[in-house]
Amino acid sequence: MTDDGNGAGERDEPMVRAENVTLSLGGRRVLDGVSFELTRGESLAILGASGSGKTTLLRLVLALAEPDEGEIWVAGYPLSRCSFEDILKLRRDIGMVFQGSALFDSMSVLENVAFPLREYTDLPDPEIRERVHETLRIVDLDPDQVEHQLPAELSGGMQKRVAIARAIAPRPDMLLFDEPTGGLDPITTRTINELIVKLREELGVSAIVVTHDIRSALHTADRVALLHEGRLVFVGTPAEMKESKDDYVQEFLGEALFT
Amino acid sequence: MRRSSPLTWEEARVGLLIMAALAALAGGVFFVGSAGHVFGERFRLVTLMNSASGLAPGASVQLAGQNVGQVARVELIPPEARSNEGEAVAVTLAVNRNVASQIRTDSRAHIQTQGLLGDRLINISPGSPDAPRLSAGDTLTSVEPLDYQQVLNEASGAVSNLTTITRDLSSLTERIARGEGTAGRLLLDPTLYRRMVSLSGSLDSTLTAVNRGDGGTLSRLLHDDELYSRMVASAASLDTITARVSEGEGSLGRMVASDSLYRSVSGAAGRADSLLQRILAGEGTAGRMVTQDSMYDELLRTLVDLNATLEEMRQNPRRFIPPVSVF
Amino acid sequence: MSKQPHQRGRPREDGWILASLKSAAVRTDEYFTLLWRSLRATFSRPFYVDDLFQQMDTVGVASLWIVILTGLFTGMVLALQSAVEMERFGATIYIGRLVGATTVRELGPVLTALMVTGRAGSGMAAQLGSMEVTEQVDALETMGVNPIRRLVVPRLLAGVIMMPILTVITDLVSIVGGLLIAVVKLDLSATLYLRSVWATLQQTGFIFRYIPIDFVQGLVKPVAFGGIMALTACYYGLRTRGGTEGVGRSATKAVVTSSVLILATDYFLTQVLITLLVE
Ligand SMILES: Nc1ncnc2c1ncn2[C@@H]1O[C@H](COP(=O)(O)OP(=O)(O)OP(=O)(O)O)[C@@H](O)[C@H]1O
Ligand SMILES: [Mg+2]
């Protein structure tokens with residue numbers, strides 16, 4: 001990889017391209033021939049029932065795991081042929097919001113959000129603090145109130161926001177959300193969804209939003225993909241999805257919309 | 001990640017703990033080192049021994065019972081390299097330099113055993129002031145420890161001889177105690193005692209008579225000094241004779257100067273044992289004396305005669321006093 | 001039996017012996033891979049100094065009290081037990097020797113390691129385990145941080161540095177514990193007791209002239225034990241699966257495995273050290 005890692009890859013390459021990705025875990029086929037593309041600036045929602053392999057797919061995109069078969073390109077680079085250093089550089093341009101927030105529980109909110117900044121930049125402390133405050137304000141948190149709190153002292157929704165702040169603090173090219181609204185009340189869910197839309201508009205990032213909440217998906221995504229038992233049974237726009245004749249798509253839509 | 005604050009309490013605690021442990025460690029090294037005498041200048045001496053007797057490196061070296069160093073090395077000397085037959089082991093001693101002046105050429109090293117656990121150590125005896133000092137690398141003369149095995153071997157011969165003698169003696173005394181033989185009767189039969197009492201009575205009155213100066217040689221011997229002056233004269237001539245004897249002149253002189261007589265005497269002593277046995281077996285005169293009663297009777301008769309003779313002496317003393325002469 | 005038709009074409013199932021041998025081999029391989037990667041990360045940049053100090057505090061300062069109590073009572077009971085035996089020979093003056101030698105060579109390192117494993121090793125495994133199951137380890141990796149460098153190296157170094165430090169404290173306190181019993185219960189003089197402690201420790205000899213061999217033994221062992229404690233805790237912590245329940249299992253496994261490894265290593269290390277130093 002010859003590039004400096006910032007805004008990596010050629011402009012016309014898709015942000016993520018997965019081809020025939022297959023992975024077995026614990027003797028079970030978790031992903032089976034998954035192929036999709038995410039173009040720059042686009043937002044893709046990946047829907048699916050619990051255990052369908054959504055988180056696993058995100059881990060593959062981050063190169064936290066390797067597929068048994070198939071290949072994933074991130075910004076045009078095939079992950080299987082990247083060195084460890086290359087992967088670290090690629091990850092700098094990706095922000096990930098984990099399903100359980102994954103905040104470092106021994107660190108304050110300030111330290112959590114500052115973490116990637118300290119890792120990636122040589123900014124002096126006051127400037128880092130400035131960036132952290134700014135980022136916290138983007139996710140609608142009061143910096144002076146929360147910066148010295150520990151993650152355990154925050155509510156689930158606030159933890160999600162801090163997690164989002166940590167992901168966007170180094171201004172990545174792509175954001176990956178794993179269930180950003182999981183386990184939250186409808187009102188918080190809506191504000192988080194609005195936050196995601198706002199972030200895409202303000203920062204112009206590509207995004208993959210993994211969710212089993214169909215409303216969130218239809219609300220935030222340009223395109224929707226549906227995973228069922230490790231296979232992608234549908235990829236298309238929300239409108240196309242509603243039109244789909246596939247039994248499972250209709251079942252999923254119906255179940256999700258009536259509950 | 002860069003250091004955010006100058007020094008936190010956590011870091012200070014860790015530092016204090018590490019410092020405390022290092023201090024304890026340094027104290028330990030010091031005390032153990034002092035016990036092992038590693039501080040202060042040392043010099044090395046070598047001592048050659050027949051056997052290391054289990055001495056190991058690290059064993060104490062003492063000077064007159066005072067710890068002054070340690071055994072540094074114990075090595076076997078190959079047979080070709082031995083300067084003295086039997087000196088098979090070279091022991092290198094590391095000794096404190098401050099006692100160097102005490103170790104002289106006449107100092108001796110020897111292996112000792114100390115304490116309940118039988119620790120081996122080397123003790124060096126202090127040298128005498130006029131002997132020259134030993135310096136580093138010199139060889140210290142060793143004294144072989146007493147070989148108990150050899151001592152035991154020699155002692156066991158003597159002990160068995162002693163046992164034989166004691167056994168013989170005990171059977172002898174046993175028979176005496178039973179009143180057998182002359183000696184037995186002597187102890188157990190009161191007749192002899194009674195006779196002796198009457199004998200001493202007669203002797204007493206005889207002596208009283210002599211003392212009174214009733215004339216006769218014996219009383220003159222006591223009351224007249226002529227004999228003394230003559231004896232002085234004789235002593236003078238005796239003196240010249242002894243001088244000649246010690247120069248080895250004459251047969252008496254040979255007796256004193258040569259040891260042949262002594263050898264025959266000690267040979268005779270060696271035979272005493274078998275003699276004693278033969279006595280016990282009743283062989284010969286002495287044997288019979290011990291084993292048979294006739295001797296007792298003889299002795300008794302003699303005493304009766306002696307008593308009669310004394311009685312006569314009292315009546316007629318002059319008949320019995322022999323003329324006085326020294327030679 | 002391999003000719004039986006119904007088995008043809010099916011994947012062969014390993015017997016339990018072969019299966020457990022295989023998994024033991026895989027685990028050993030993983031364990032040493034972790035060690036190798038940690039060592040490589042230790043000697044390259046970046047180095048997380050703050051995390052190292054924090055771990056040294058967690059391992060060292062937090063274990064200080066249990067280590068002091070362990071040392072004190074061990075020293076006291078050693079003196080007491082040996083007194084019973086030695087009084088019969090009138091040899092109570094040798095108590096210092098017994099306490100000094102056993103503490104510095106064996107009991108100090110081993111007991112400290114076992115106590116610290118229980119106190120700090122379990123905590124390490126649980127902390128890393130909960131970081132693993134809450135995806136914090138993944139988060140680290142996502143943000144360009146090598147979890148081995150950031151999580152394992154400071155813990156490994158903290159174990160390797162603090163274990164000898166704590167062992168020195170244990171040894172010291174244990175000797176003092178023996179001293180208490182010797183003076184108070186057995187009417188020995190303190191000087192006599194301490195003299196016999198020092199005397200026995202110098203008997204094994206010195207290396208580099210001033211360093212008692214017994215001290216080297218007593219300090220090399222805790223370095224190894226500290227490494228084993230930390231590495232085992234990190235290994236089980238980082239491979240935690242199955243939520244909060246898995247965290248508890250990992251902590252238990254870490255303590256059991258490192259205790260056994262410490263005792264086994266103690267034997268072999270003693271053998272090696274005796275061969276190297278004493279002969
Ligand atoms: N490390 C692993 N070892 C074995 N099986 C695993 C592992 N990780 C995930 N799985 C299995 O893979 C399947 C997919 O898991 P994944 O976490 O991707 O599901 P998901 O779609 O994210 O579900 P949810 O909506 O509940 O988060 C699950 O059945 C899970 O049991
Ligand atoms: Mg998931």
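So, here is what we can say about the structure in this document. As the structure is a prediction and not an experimental result, all values here were calculated from the model.

Another point: the overall build of chain C. Secondary structure summary: chain C contains eight helices and two strands in total. In sequence order, the secondary structure elements of chain C are arranged as α-α-α-α-α-α-β-β-α-α. Principal axes of the C-alpha set define a box for chain C whose edges measure 80 × 55 × 40 Å. Counting all 279 residues of chain C, 51% fall into the buried class. Long-range contacts, defined here as pairs at least 24 residues apart, represent 80% of the contacts in chain C between residues at least 6 apart.

With that settled, the discussion passes to the coordination of the magnesium ion (ligand 2). For the magnesium ion (ligand 2), every protein donor is listed as Thr55(A) (OG1) and Gln99(A) (OE1), and the spread of their distances is 1.8 to 2.4 Å. With a gap of 44 residues between them, Thr55(A) in helix H1 (residues 54-61) and Gln99(A) in the loop between strand S6 (94-97) and helix H3 (109-120) connect regions that are remote in the sequence.

Opposite the 31 residues of chain B that make contact, chain C presents 32 residues. Applying the counting rule to chain B against chain C returns one salt bridge. With a closest N to O distance of 2.5 Å, Asp57(C) and Arg13(B) form a salt bridge. Of the residues forming the side of chain B that touches chain C, the biggest block, 15 residues, is contributed by helix H1 (residues 9-35) of chain B. The class makeup of the residues in the side of chain B that touches chain C is 16 nonpolar, eight polar and seven charged.

All names here are of chain C. Here helix H3 (residues 95-133) crosses helix H8 (residues 243-278) at 150°, and the two axes come no closer than 8 Å. Classed by the angle they form, the pair H3 and H8 counts as roughly antiparallel. Seen from above, H3 lies across H8 with right-handed handedness. Contacts from Glu-106, Val-110, Ala-113, Leu-114, Thr-117, Ser-122, Ala-125, Ala-126, Gly-129, Ser-130 and Val-133 in H3 reach Gly-243, Val-247, Ser-250, Ala-251, Ala-254, Val-255, Ser-258, Ser-259, Ile-262, Leu-263, Asp-266 and Thr-270 in H8. Classifying every residue of the contact of H3 with H8 gives 12 nonpolar, nine polar and two charged.

With that out of the way, let us pick up empty space enclosed by the protein. This structure, assessed with the given rule, holds five cavities of 30 Å³ or more. Estimated volume of the largest cavity: approximately 100 Å³. Ile94(A), Gly95(A), Met96(A), Phe98(A), Pro116(A), Tyr120(A), Arg166(A), Ala167(A), Pro170(A), Ala139(C), Thr142(C) and Met143(C) together form the lining of the largest cavity. Looking at the lining of the largest cavity, the elements that each hand over two or more residues are S6, H3 and helix H6 (156-168) of chain A together with helix H4 (136-142) of chain C. A total of three residues in the lining of the largest cavity trace back to one element, the largest contributor, which is S6(A). Of the residues contributing to the lining of the largest cavity, the split by class is nine nonpolar, two polar and one charged.

Let's shift gears to the environment of Gly100(C). Residue and element names in this part refer to chain C. Relative to the elements of secondary structure, Gly-100 occurs in helix H3. Its relative accessible area of 0% is what places Gly-100 among the buried residues. When the C-alpha positions of Gly-100 and Leu-179 are compared, they lie 10 Å apart, and in sequence the two are 79 residues distant. Excluding residues within four positions of it along the chain, Gly-100 makes contact with Val-197 and Leu-201.

The rules behind the values
- Residues numbered from 1 in each chain as written.
- Chains lettered and ligands numbered in written order.
- Predicted model: local features only at pLDDT ≥ 70, side-chain atom pairs only at ≥ 80, totals over all residues.
- Heavy atoms only, no water.
- Helix = DSSP H or I, 4+ residues; strand = E, 2+ residues; numbered from the N terminus.
- Buried < 20%, exposed > 50% of the residue type's maximum accessible area, 1.4 Å probe, protein only.
- Contact = heavy atoms within 4.5 Å.
- Donors = N, O, S within 2.8 Å, 3.2 Å for Na, K, Ca; no water.
- Salt bridge = Lys/Arg side-chain N within 4 Å of Asp/Glu carboxyl O.
- Nonpolar A, V, L, I, M, F, W, Y, C, P; charged D, E, K, R; others polar.
- Axes fitted to C-alpha atoms, helices over the stretch in contact; angles between N-to-C directions.
- Parallel < 35°, antiparallel > 145°, perpendicular 65-115°, else oblique.
- Left-handed = near helix turned anticlockwise from the far one by under 90°.
- 1 Å grid on protein atoms, 1.4 Å probe; cavity = no way out; pocket = protein on both sides within 12 Å on 5 of 7 lines; lining within 4 Å.
- Points joined across faces, edges and corners; volume = space filled by probe spheres on them.

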